[in-house]
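Listed below, chain by chain, are the residues.
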Amino acid sequence: MSHHGLIRGVQSLEGLRLRLVDAKGEVVGRLASQIAIILQGKDKPTFCSNKDDGDVVVVVNAAEAELTGRKWDQKLYRWHTGYPGGLKERTAKEMAEKKPDYVLRQAVLGMLPKNNLRRSMARKLRIYAGERHDFEQHPDLVPFQMPPRKLREKGDLFELPPGFEAFNPQAYQKRYGHRLNRQEQQQQQPQAAAAAATAAAQQPGGSRS
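Residues numbered from 1 in each chain as written. Predicted model: local features only at pLDDT ≥ 70, side-chain atom pairs only at ≥ 80, totals over all residues. Heavy atoms only, no water.

Novice: For this particular structure, what's the right way to read the nonpolar core?
Specialist: One recurring pattern in soluble globular proteins: nonpolar side chains tend to sit buried together. Ranked by internal contacts, the top residues of the largest apolar core, which has 29 residues, are Ile35, Val57, Val59, Leu104 and Leu125. Going through the elements one at a time, helix 1 (28–40), strand 2 (56–60), helix 3 (92–98), helix 4 (102–109), helix 5 (117–123) and strand 5 (125–127) are the ones with two or more residues in this core. Of the residues forming this core, the biggest block, seven residues, is contributed by helix 1. Contact partners of Leu125, with chain neighbours within four places excluded, come to Ile35, Leu39, Val57, Val59, Arg105 and Val108. (Core = buried A, V, L, I, M, F, W, Y, C linked by side-chain atoms within 4.5 Å. Buried < 20%, exposed > 50% of the residue type's maximum accessible area, 1.4 Å probe, protein only. Helix = DSSP H or I, 4+ residues; strand = E, 2+ residues; numbered from the N terminus. Contact = heavy atoms within 4.5 Å.)

Put into structure tokens, the structure is as follows:
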């Protein structure tokens, strides 16, 4: 089977890149915003709003994408069967268990333009729950690197006194973990520099009078 046949509805892949995105550990909203930019072609200097020049996006490990806060239990997806009393709803957690790609796909579709190009852009989005995908041997597969996440510092850093432990270690680590790690790194840098200077001075010929 040709690589073109793997994407139904896309006549040609000439001039398009295949961007491989790893969703493991990524926040769904941040990831979906970057995917929507690629599908629309806004990352190219040749972007034109009335043309579908976006690249093909292949997402792997979609089952390991994350939602912040309590969205797994609070975010609801609703639909109607068309029959009386047929209003159905599921939480994001329930929907992810049944369809691992649904949450990310709906987030991306909600960020695409609501016009005739939306369907053709959506065809170029391929989401896989695990690491295996149908484009592993494609020569034009280019990995996509997500930009670093910028976490806001909410309030003052609460450090536990010596000998005390957090009542909820997971919540404490989730809120202050990145700031504690940064503080430890800043404290270790002068110590590492001093140790390196001491080691250099102890080497033969390291210090000259």
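Now, onward.
Novice: What exactly am I supposed to notice about empty space enclosed by the protein here?
Specialist: Gaps left between atoms show up when a probe the size of a water molecule is rolled over them. Throughout the structure, instances matching the rule amount to one cavity of 30 Å³ or more. Residue lining of the largest cavity: Val28, Ala62, Ala63, Ala65, Trp72, Ala96, Pro100, Val103 and Leu104, and that is the complete set. Its residues assigned to classes, the lining of the largest cavity shows nine nonpolar, no polar and no charged. (1 Å grid on protein atoms, 1.4 Å probe; cavity = no way out; pocket = protein on both sides within 12 Å on 5 of 7 lines; lining within 4 Å. Points joined across faces, edges and corners; volume = space filled by probe spheres on them. Nonpolar A, V, L, I, M, F, W, Y, C, P; charged D, E, K, R; others polar.)

Novice: I would appreciate a short explanation of the sheet that holds strand 2 in the present structure.
Specialist: Where strands meet in a sheet, backbone hydrogen bonds hold them as pairs that are either parallel or antiparallel. The strand order across the open sheet built from four strands is 5-2-1-6, with neighbouring strands paired in parallel fashion. Every interior strand has two partners, whereas the edge strands, strand 5 and strand 6 (141–143), have only one. Ignoring which end each strand starts from, the neighbouring axes of this sheet average 25 degrees apart. In this sheet, strand 2 lies alongside strand 1 (residues 18–22) in parallel orientation, the contact comprising five bridges. Directly across from Leu18, in strand 2, lies its bridge partner Val56. Taken strand by strand, helix 1 contacts strand 1, strand 2 and strand 5, and its axis lies near 155 degrees from that of strand 2. (Pairing = 2+ DSSP bridges. Axes fitted to C-alpha atoms, helices over the stretch in contact; angles between N-to-C directions.)

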